[in-house]
Amino acid sequence: MAYFPEALIPPQFLRAGESGVVSPNERSLLKLIWRHPGLSRSEVTDHTDLTQQSVYRIIDQLAERGIVLLGSPKPGVGRGQPSPTIRLNARYAYSCGISVNTDVIGICLMDLAGNVLAESSVTLREHTMAQSLDLVRARLVEAQKLNNLSPEALFGIGFAIAGYHVGGTRYNAPLPLHEWSLIELGPLLAEFFGKPVWVHNGANTGAIAESMFGAGRYIKHFAYLSFNYGFGGGLVSNGELLLGGNGNAGEFSGIYDEEENQRRPALQLLIERLIRNGVDVPSITYMRRHFDPQWPGVAEWVNDITPAYNRLVNAIWAIFDPQAIVFGGQVPPNLAQMMIDRTEIFGRPRYGVPRPSPKLIISEIASDASAMGAAVTPFHSTFY
């Protein structure tokens, strides 16, 4: 039987007498309020095809349910009676994002308005899957107590895992995550946490976080490069994640053959190079925190991966034509800049006029982007 997290949403969040959280028109307005918090109610009408009467009625219904809050009017906006401002009600609900990488599990609690309430992590080394999940649940309970969060207000769980999608909620993850691979994660995790669980690839949730909290606030079409133990990414078009026919759009390592695969920009390969050069780097998390461009082996590795990296950048440009390419995942910013400095665009100008090329941007999301994206996914999938 197919697994659908929407079927497990707690009843108090559903529309009266219905199986959904919001109607299509309500979702459209909530998406607008997410993008433009503090809009006045009269201004909302200018951004939608709905009549003013419909907009006011929908907003009043959302306010009655506690999903949005009406605030003080903006001074000098419009004529007649001042119109209240509108914001998402942060206290209406919260979610938990869980991101499983090869060395660490990131945990992020987020409210409906997109505010991060708590962040923590669990080290994976020498822990079984069951032990790791017990530790994650303990961190969740601890964060709930510290932030005075009611367990009943937990809307759902967003779960991200490093690996490609093979069907349902099954993912094929790298060797360190073999126990998590090729099993139906959705129903297993939903039973464990007692909440609906939305499952995604970790690079895709990183792209979702970038879309909603990073470069996506001002760039609607971008490719997201996720540098982790392996190397993947995501594609965002008009502000929405592209999954592809099998849920694996953005599996950038797929363009390399077996030999080239050892020269792709996967951070596991850099760590192996550093260890051979006498640098003690116990994990990718450690490398991100303590990265030094002068470590022996760094420049050599960057030079080795540059041809494969450049071919990928140009393939993304030719096929997807994004406005930007964002360097994210667990890559240290200094390492990302080293790659950007070596980027070669293969475009051939015609009549002296080149084809517009994407901006190369280092992600400004300092925390675990994959966990943040996982946390917002339950809301993004249902409310906005």
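Residues numbered from 1 in each chain as written. Predicted model: local features only at pLDDT ≥ 70, side-chain atom pairs only at ≥ 80, totals over all residues. Heavy atoms only, no water.

The chain goes by ROK family transcriptional regulator in an unreviewed UniProt entry, where it is assigned to Neorhizobium galegae.

A.B. asks: A description of the overall build of the chain should follow, citing residues and the corresponding values.
C.D. replies: A count of helices and strands for the chain gives 11 helices and 14 strands. Relative to the compact-globule value of 21 Å for 384 residues, the chain shows a C-alpha radius of gyration of 22 Å, a close match. Along the three orthogonal principal directions, the C-alpha set of the chain runs to about 70 × 60 × 40 Å. Within the chain, buried positions represent 53% of all 384 residues. Considering only residue pairs separated by 6 or more positions, the chain has 66% of its internal contacts joining residues 24 or more positions apart. A total accessible area of about 18200 Å² is found for the chain, and carbon and sulfur atoms account for 51% of it. In the chain, the 31 positive side-chain charges and the 35 negative ones have mean positions that sit 6 Å from each other. (Helix = DSSP H or I, 4+ residues; strand = E, 2+ residues; numbered from the N terminus. Rg over C-alpha atoms; globule rule 2.2 N^0.38 Å. Buried < 20%, exposed > 50% of the residue type's maximum accessible area, 1.4 Å probe, protein only. Contact = heavy atoms within 4.5 Å. Areas by Shrake-Rupley, 256 points an atom, 1.4 Å probe, with all protein chains shown as cover. Lys, Arg positive; Asp, Glu negative; His and termini not counted. Charge placed at Lys NZ, Arg CZ, Asp CG, Glu CD.)

A.B. asks: So what about the layout of surface pockets? Which residues, and what values?
C.D. replies: Estimates place the volume of the second largest pocket at around 440 Å³. As for the second largest pocket, its lining consists of 20 residues, of which His165, Gly168, Thr169, Tyr171 and Val199 are closest to the centre. Considering each element in turn, the lining of the second largest pocket owes the most residues, five residues, to strand β9 (residues 197-201). Looking at side-chain class alone, the lining of the second largest pocket contains 10 nonpolar, eight polar and two charged residues. (1 Å grid on protein atoms, 1.4 Å probe; cavity = no way out; pocket = protein on both sides within 12 Å on 5 of 7 lines; lining within 4 Å. Points joined across faces, edges and corners; volume = space filled by probe spheres on them. Nonpolar A, V, L, I, M, F, W, Y, C, P; charged D, E, K, R; others polar.)

A.B. asks: Requested: an account of the sheet that holds strand β13 (residues 324-329), with residues and values cited.
C.D. replies: In space, the five strands of this open sheet follow the order β12-β11-β10-β13-β14, with mixed pairing throughout. Edge positions in the sheet fall to β12 (240-242) and β14 (359-362), since each of these pairs with one other strand and no more. Each adjacent strand pair in this sheet contributes to an overall mean axis angle of 30°, direction not counted. As paired elements, strand β10 (residues 222-227) and strand β11 (residues 231-237) share six bridges and run antiparallel to each other. Bridge pairing links phenylalanine 227 to phenylalanine 231 in β11. Running at roughly 130° to β10, helix α6 (residues 202-213) makes contact with β10, β11, β12 and β13 of the sheet. (Pairing = 2+ DSSP bridges. Axes fitted to C-alpha atoms, helices over the stretch in contact; angles between N-to-C directions.)

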